[in-house]
Amino acid sequence: MSYSLEQLSTDFLIIGGGVAGLRAAIELARNGEVIVVTKDAPLESSTEYAQGGVAVVLSDEDEIEIHFEDTIRAGDGLCIRKSVGTLVEEGPMRIRELIAWGAEFDQEGSKLAFTQEAAHSKRRILHAHGDSTGKEILRVLTDKVRQAGRTTKIDFAFTRDLIIDLEGRCIGAVVVRQKEEKVLVIMARAVLLATGGAGRLFERTTNPPVATGDGIAMSWRAGAELMDLEFVQFHPTALYRHGTPSFLLSEAMRGEGGMLRNIHGLRFMDRYHPARELAPRDVVTRAIHAELLATGADHVFLDMTHLSPDYVRKRFPRIYSTCMSYGIDITAAPVPVSPAAHYTMGGVRTDLWGATTVPGLFAAGEAACTGVHGANRLASNSLLEGLVFGERAGLGAARYAARRERPLPPKRLLRALERRTEDVFTASDIDYIRQSLRKIMWEQVGIVRDKKGITNALKKLKEWDRMIKNPPLDRAALELKNMIQASLLIARSALSREGSVGAHCRGDFPAKGKDWKKRIIMKK
Ligand code: FAD
Ligand code: SIN
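Since we're looking at a predicted model, the values are computed, not measured. (Residues numbered from 1 in each chain as written. Chains lettered and ligands numbered in written order. Predicted model: local features only at pLDDT ≥ 70, side-chain atom pairs only at ≥ 80, totals over all residues. Heavy atoms only, no water.)

K.L.:
Even after reading the chapter, I still don't get the overall build of the protein chain, so can you show me in this structure?
P.N.:
Looking only at helices and strands, the protein chain features 15 helices and 22 strands. For 524 residues, the compact-globule estimate of 2.2 N^0.38 gives 24 Å, and the protein chain sits close to it at 22 Å. Overall, the protein chain is about 65 × 55 × 50 Å in size when its C-alpha atoms are taken along their principal axes. The 524 residues of the protein chain split such that 62% are buried. Contacts in the protein chain between residues at least 24 apart in sequence constitute 74% of all its contacts with a sequence separation of at least 6. Of the roughly 20,100 Å² that the protein chain leaves accessible, carbon and sulfur atoms contribute 52%. Each charge sign in the protein chain was given a centre, from 74 positive and 65 negative side chains, and these centres are 4 Å apart. (Helix = DSSP H or I, 4+ residues; strand = E, 2+ residues; numbered from the N terminus. Rg over C-alpha atoms; globule rule 2.2 N^0.38 Å. Buried < 20%, exposed > 50% of the residue type's maximum accessible area, 1.4 Å probe, protein only. Contact = heavy atoms within 4.5 Å. Areas by Shrake-Rupley, 256 points an atom, 1.4 Å probe, with all protein chains shown as cover. Lys, Arg positive; Asp, Glu negative; His and termini not counted. Charge placed at Lys NZ, Arg CZ, Asp CG, Glu CD.)

The following block contains the structure:
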């Protein structure tokens, strides 16, 4: 296919249009022209599907210090305390501001309604339209970005690579618009990465198709440091049925009384943790994993049938109707569930202002790693992270750009794009490798890993990495290259940590190990 080359120039380029990217855009539009690129439809992102809610200290019975301690405890000792402090202290401000911009969180009478989620010692989770919190946040941010002006959104625009100048600064990105057969070279004074997570590297995941770890792979190729990649969060309760996606059944369902039962109908969480169904997420996931091994079953059940059907339908309308569309009535029978990859704690290493180790490159949201989640994210802290650190990364990028002119595209890059050669792959080759990769990552680098499995996975991943050197300008092929590189980085990090901490569980090293406080940092 012959692509035409187009050059664009802006003050700020944001890659990603979820909560983090849009929150940053609002800040950046005060400081110049902004382009936001997304690789799919405008709203397609994890944010759009976020259910349970957003954790924030706004109730009279709650305190910032308690939210801080809950986050640290869930993170199993590896949270960076300064990042947590920033999140919980600035969180209420970001949410009040969102409400002022029109966000409608659910209320009880005239007061905000707070739900319970695992490992929170207070009811502090705000939710919208029952279980559509992310959608509501995205609606409000999209409106606000529109009102702010100076922002151009380019959707269905796949960022292939960051552009790095001879001094090692990030000065733009190469973006592919496949349908239009165009390659955009977008030059910017600062670039902000908000590409979300990498759940799609695993066969079972709650994440939408956009979550393929592109940000991890492209920032690694650009020379940025990545941190904590061994910590992948597996959500305990995703729908389990052949031929049906592993649709998330929110933790809030357990917060409102949902019970876990094994295949024999017995509750089992009391054998694993005193908080039972509301133990930290990694604990519940491993308990289910152990229960599956013990019973030989492939799922357990989430039971809501003791709750009033009217209440369940009203409190979880999106979950209820989605399950009904699969022929499952969650009010009438226990729902088959099992764990699925859900959240990437690690990512591009940043400071508290979103600065990565590459000058000119900023990151926020799930793609970034401030260390705020440690080894296991506390439920509903991620939307808050997108708001708090999205704003901060915007401010950080604006400060950086104030000292810089708009750059020109390097001639060597334009020449290389014109003379580009491509590997030849059929769509079925790509699809086959993609499915195999997701299966290997799930089986060998999943909930419980060990040296043998990770080494096997690495061998295969390296083979694919060698095979796909110059992917064609096609989303599936470019994504596959990113999936391979992001998987390699996750697997290498998982191999390096010879101990079990938070969501990283090594079958061959069940204890934390003596150097467990170390951080694993990857750099090209
Ligand atoms: P996303 O919202 O995922 O946005 C990523 C953006 O990057 C998209 O616009 C995408 O198109 C773009 N992109 C990616 N790669 C490229 C590329 N190569 N080129 C161009 N664009 C690209 N967290 C909570 O706190 N509370 C919850 O209740 C909750 N529920 C969840 C439910 C589900 C089903 C899922 C999957 C996650 C949930 N989470 C929840 C986690 C939370 O939703 C995410 O961590 C958060 O929304 C991530 O926001 P983000 O802005 O970093 O990325
Ligand atoms: C959920 O609703 O269970 C997801 C919450 C989260 O990931 O924080």
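K.L.:
What exactly am I supposed to notice about the nonpolar core here?
P.N.:
One recurring pattern in soluble globular proteins: nonpolar side chains tend to sit buried together. Residues L13, I15, V37, L162, V191, F202 and L226 are the most contacted members of the largest nonpolar core, which totals 60 residues. No other element matches the ten residues that helix α15 (residues 475-496) contributes to this core. With residues up to four places along the chain from it excluded, the contact list for L162 reads I15, C170, G172, A173, V191, M218, S219, A222 and L361. By size, the runner-up hydrophobic cluster in this structure holds 49 residues, among which are A24, A29, V36 and L126. (Core = buried A, V, L, I, M, F, W, Y, C linked by side-chain atoms within 4.5 Å.)

K.L.:
Can you walk me through the sheet that holds strand β7 (residues 125-126) in this structure?
P.N.:
Think of a sheet as strands paired side by side through backbone hydrogen bonds, with each pair either parallel or antiparallel. The strand order β3-β7-β6 describes an open sheet built from three strands, whose pairing is antiparallel. Bordering the open sheet on either side are β3 (54-55) and β6 (114-115), each of which pairs with just one other strand. (Pairing = 2+ DSSP bridges.)

K.L.:
I'm lost on the side chain of R315 in this one. Help?
P.N.:
As for its position among the elements, R315 is in helix α9 (residues 309-315). Accessibility expressed as a relative area gives 8% for R315, which makes it buried. Looking at R315, its side chain comes within polar contact range of the side chain of T115, at 3.3 Å. (Polar contact = N/O pair within 3.5 Å; in protein donor to acceptor, adjacent residues only side chain to side chain.)

K.L.:
I keep staring at helix α3 (residues 64-74) and nothing clicks. Help me out?
P.N.:
Given 3.6 residues per helical turn, the α-helix brings residues three or four places apart onto the same face. Listed as buried for α3 are H67, F68, D70, T71, I72 and A74. Next to the buried residues of α3 lie β3, α4 (81-100) and α11 (381-401). One or two residues past the end of α3 sits D76, with phi positive at roughly 55 degrees.

K.L.:
Explain the side chain of D70 here, please?
P.N.:
Counting through the fold element by element, D70 comes out in helix α3. The buried category is assigned to D70, whose relative accessible area is 1%. Within the structure, D70 has its side chain in polar contact with the backbone nitrogen of S121 (distance 2.8 Å). Each residue touching D70, except ones within four places of it in the same chain, is listed here: A119, H120, S121, K122, R124 and L378.

K.L.:
Would you mind going over the site of ligand 1 with me for this structure?
P.N.:
Taken together, the neighbourhood of ligand 1 is formed by 38 residues, with T47, G53, E366, S382 and L383 sitting nearest. A distance of 3.0 Å is found between an oxygen atom of ligand 1 and a backbone nitrogen or oxygen belonging to A20. Within the contact set of ligand 1, an oxygen atom lies 2.8 Å away from a backbone nitrogen or oxygen of G52. In the complex, 98% of the free accessible area of ligand 1, which totals 1,000 Å², lies under the protein chains. Of all the elements in the fold, those that place two or more residues in the shell around ligand 1 are α1 (19-28), α2 (46-49), β9 (158-164), α6 (214-221), β16 (335-344) and α11. The class makeup of the residues in the shell around ligand 1 is 13 nonpolar, 20 polar and five charged. (Near = heavy atom within 4 Å. Nonpolar A, V, L, I, M, F, W, Y, C, P; charged D, E, K, R; others polar.)

K.L.:
Just checking my understanding: could you explain empty space enclosed by the protein for this structure?
P.N.:
Any empty space left between atoms is shown by rolling a water-sized probe over those atoms. Per the counting criterion, the structure on display carries five cavities of 30 Å³ or more. Among the elements that take part in the lining of the largest cavity, helix α8 (residues 281-295) stands out by supplying three residues, more than any other. A per-class count over the lining of the largest cavity returns three nonpolar, one polar and two charged. (1 Å grid on protein atoms, 1.4 Å probe; cavity = no way out; pocket = protein on both sides within 12 Å on 5 of 7 lines; lining within 4 Å. Points joined across faces, edges and corners; volume = space filled by probe spheres on them.)

K.L.:
In this structure, what is going on with the environment of G374? I would like to understand it.
P.N.:
Within the element layout of this structure, G374 appears in the loop between β19 (368-369) and α11. Between the C-alpha atom of G374 and that of V84, which follows or precedes it by 290 residues, the distance is 9.4 Å.

K.L.:
Looking at this structure, how should I read the pattern of salt bridges?
P.N.:
Any two side chains of opposite charge can pair, given that their charged atoms come close. Going through the model one piece at a time under the given rule, you end up with 48 salt bridges. Note that D515 and K518 form a salt bridge whose closest N and O atoms lie 3.8 Å from each other. Linked by salt bridges that have partners in common, R23, E27, R30, R94, E97 and E391 make up one network. (Salt bridge = Lys/Arg side-chain N within 4 Å of Asp/Glu carboxyl O.)

K.L.:
Would you mind showing me how to read the site of ligand 2 here?
P.N.:
Neighbouring ligand 2 are the residues Q51, G52, H235, L248, S250, E251, R281, H342, R377, A379 and S380. Residue G52 places a main-chain N or O atom 2.9 Å away from an oxygen atom belonging to ligand 2. With respect to ligand 2, the side chain of R377 contributes an N or O atom lying 2.7 Å from an oxygen atom. Protein contact buries 92% of the 260 Å² of open area that ligand 2 shows by itself. Of the residues contributing to the shell around ligand 2, the split by class is two nonpolar, six polar and three charged.

K.L.:
Looking at this structure, I do not really get a negative patch on the surface. What am I missing?
P.N.:
A grouping of E63, E65, E69 and E89 is seen on the molecular surface, where their side chains present a negatively charged patch. In this fold, E63 is placed in the loop between β3 and α3. Accessibility expressed as a relative area gives 44% for E63, which makes it partly exposed. (Patch = residues over 30% accessible without salt bridge, like charges linked within 9 Å, V, L, I, M, F, W, Y side chains within 5 Å.)

K.L.:
I'm lost on the packing of helix α13 (residues 427-444) against α15 in this one. Help?
P.N.:
Helix-helix packing is described using two parameters, namely the angle between the two axes and the distance between the axes. As a packed pair, α13 and α15 sit with axes 10 Å apart at the nearest point and diverge in direction by 25 degrees. On the basis of their axis angle, the class for α13 and α15 is roughly parallel. For the pair α13 and α15, the crossing hand works out as left-handed. Residues I430, I433, R434, L437, R438 and M441 of α13 pack against A476, A477, E479, L480, M483, I484, S487 and I490 of α15. Across the contact of α13 with α15, the residue classes tally to ten nonpolar, one polar and three charged. (Axes fitted to C-alpha atoms, helices over the stretch in contact; angles between N-to-C directions. Parallel < 35°, antiparallel > 145°, perpendicular 65-115°, else oblique. Left-handed = near helix turned anticlockwise from the far one by under 90°.)

K.L.:
Whenever I open this one, the sheet that holds strand β12 (residues 226-227) confuses me. Can you help?
P.N.:
Read across the sheet, four strands follow the order β19-β17-β12-β22 without closing on themselves; strand pairing throughout is mixed. The strands lining the two open edges of the sheet, one partner per strand, are β19 and β22 (521-522).

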